[in-house]
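Reading the structure
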Amino acid sequence: METKIKIFNDEQALIGMRKAGKLAKAVLDYIEEYVKEGMTTLELNDLCYNFIIDNKAIPAPLNYKGFPKSICTSVNDVICHGIPSNYVLKSGDILNIDVTVILDGWYGDTSRMFKIGKCTKLAEKLVEVTKRALYAGIDAVKPYRYFGDIGKAIQKYIDTTGFSIVRDYGGHGIGNYFHGEPFVAHYNTGSRGEQILPGMFFTIEPMINVGKFKTKLLKDQWTVVTVDKSLSAQFEHTIAVNESGIEILTE
């Protein structure tokens, strides 16, 4: 069966994606010491921008379909695509920083949660559960299995926690482009979906809510929040599939 998902069979593509993934991870490692009480998300954005440019890469979100900043910063009840602003981080906040770099034409995409000061036990649990959900999804990726297995594995784990999985947004194909086929659902859709084949690059990035899974898009047409104002968390990695298994390019 023919697939709409792009397959990269040449070694140069994998080398390029490895370099982009390594840099995306390096951005998150670099910014970690600055993520603290009193910093604004805009200051974090500017630091990441400079780091990316200094490493001869481009921040992919900047001007992407009109997005105004270089990273996404999603605080507390913001699920994804939060726009860096003058918001001052305070103790108890949880923050997702989502970074995508373009290095020599290849895209590396990753996100990580940060806890500011003293967080509630519920916030701590959510962050830990979301990270485990990411790895439950990654563990389900095997060559010649199916994309539906990813969401099924994440759902099986999350059902034991009392939390919910965002359905409106998911992972995506990536490579020498930012977003492409497939849409990677993080919940059990009841469908096997497309087959996972060697040469595919894609992201897994579960968004987990304390409350209901429903989402709301704000007037800026970017920021997505939980409808019930409950906390949300997300972790993301870019994955490469080969004949013998997988490689996490952003780890």
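Attention in this report is confined to the structure presented alongside it. Given the structure is predicted, the values throughout are model-derived calculations rather than measurements.

1. Points about the pattern of salt bridges
Counted under the stated rule, the structure contains eight salt bridges. We note a salt bridge from arginine 18 to glutamate 247, for which the minimum N-O separation is 2.7 Å. With arginine 18 in helix H1 (residues 11-31) and glutamate 247 in strand S15 (residues 245-248), this pair connects stretches of sequence that are 229 residues apart. Here lysine 115 makes a salt bridge to glutamate 124, at a shortest N to O gap of 3.1 Å. On the accessibility criterion, glutamate 124 (34% relative accessible area) is partly exposed. Through salt bridges with shared partners, a single network forms among Lys25, Asp29, Glu32 and Arg112.

2. Comments concerning the nonpolar core
Proteins that are soluble and globular tend to have nonpolar side chains buried together. In this structure, Val35, Leu44, Leu89, Ile97, Val99, Val101 and Phe201 are the most contacted members of the largest nonpolar core, which totals 37 residues. The element that contributes the greatest number of residues to this core is H1, accounting for nine residues. Not counting chain neighbours up to four residues away, the residues in contact with leucine 44 comprise Ile31, Tyr34, Val35, Met39, Ile71, Leu89, Leu95 and Ile97. Among the nonpolar cores identified, the runner-up in size contains 32 residues, and Ile5, Val127, Val184 and Ala233 belong to it.

3. Re the sheet that holds strand S10 (residues 207-209)
Here three strands make up an open sheet; going across it, the order is S6-S10-S13 and the pairing antiparallel. The open sheet has two edge strands with one neighbour each: strand S6 (164-165) and strand S13 (232-234). Relative to S10, S6 runs antiparallel, the two being bridged by two bridges. When the bridges of S10 are listed, serine 164 appears paired with asparagine 209.

4. Some words on H1
Taking 1.5 Å of rise per residue, 21 residues should cover 30 Å, and H1 covers 31 Å from first to last C-alpha, within 8% of that figure. Close packing links the buried residues of H1 with helix H2 (41-54), strand S4 (94-103), strand S5 (106-115), strand S9 (201-204), strand S14 (237-242) and S15.

5. What to know about the environment of tryptophan 222
With respect to the helices, strands and loops of the structure, tryptophan 222 is situated in the loop between strand S11 (215-217) and strand S12 (224-226). As a C-alpha pair, tryptophan 222 and glycine 82 span 140 residues in sequence and 6.9 Å in three-dimensional space. Those residues in contact with tryptophan 222, other than ones at most four positions away along the chain, are Tyr64, Lys65, Gly66, Phe67, Cys80, His81, Ile83 and Leu217.

Each value, and the rule that gives it
- Residues numbered from 1 in each chain as written.
- Predicted model: local features only at pLDDT ≥ 70, side-chain atom pairs only at ≥ 80, totals over all residues.
- Heavy atoms only, no water.
- Salt bridge = Lys/Arg side-chain N within 4 Å of Asp/Glu carboxyl O.
- Helix = DSSP H or I, 4+ residues; strand = E, 2+ residues; numbered from the N terminus.
- Buried < 20%, exposed > 50% of the residue type's maximum accessible area, 1.4 Å probe, protein only.
- Core = buried A, V, L, I, M, F, W, Y, C linked by side-chain atoms within 4.5 Å.
- Contact = heavy atoms within 4.5 Å.
- Pairing = 2+ DSSP bridges.
- Expected span 1.5 Å × (residues − 1).

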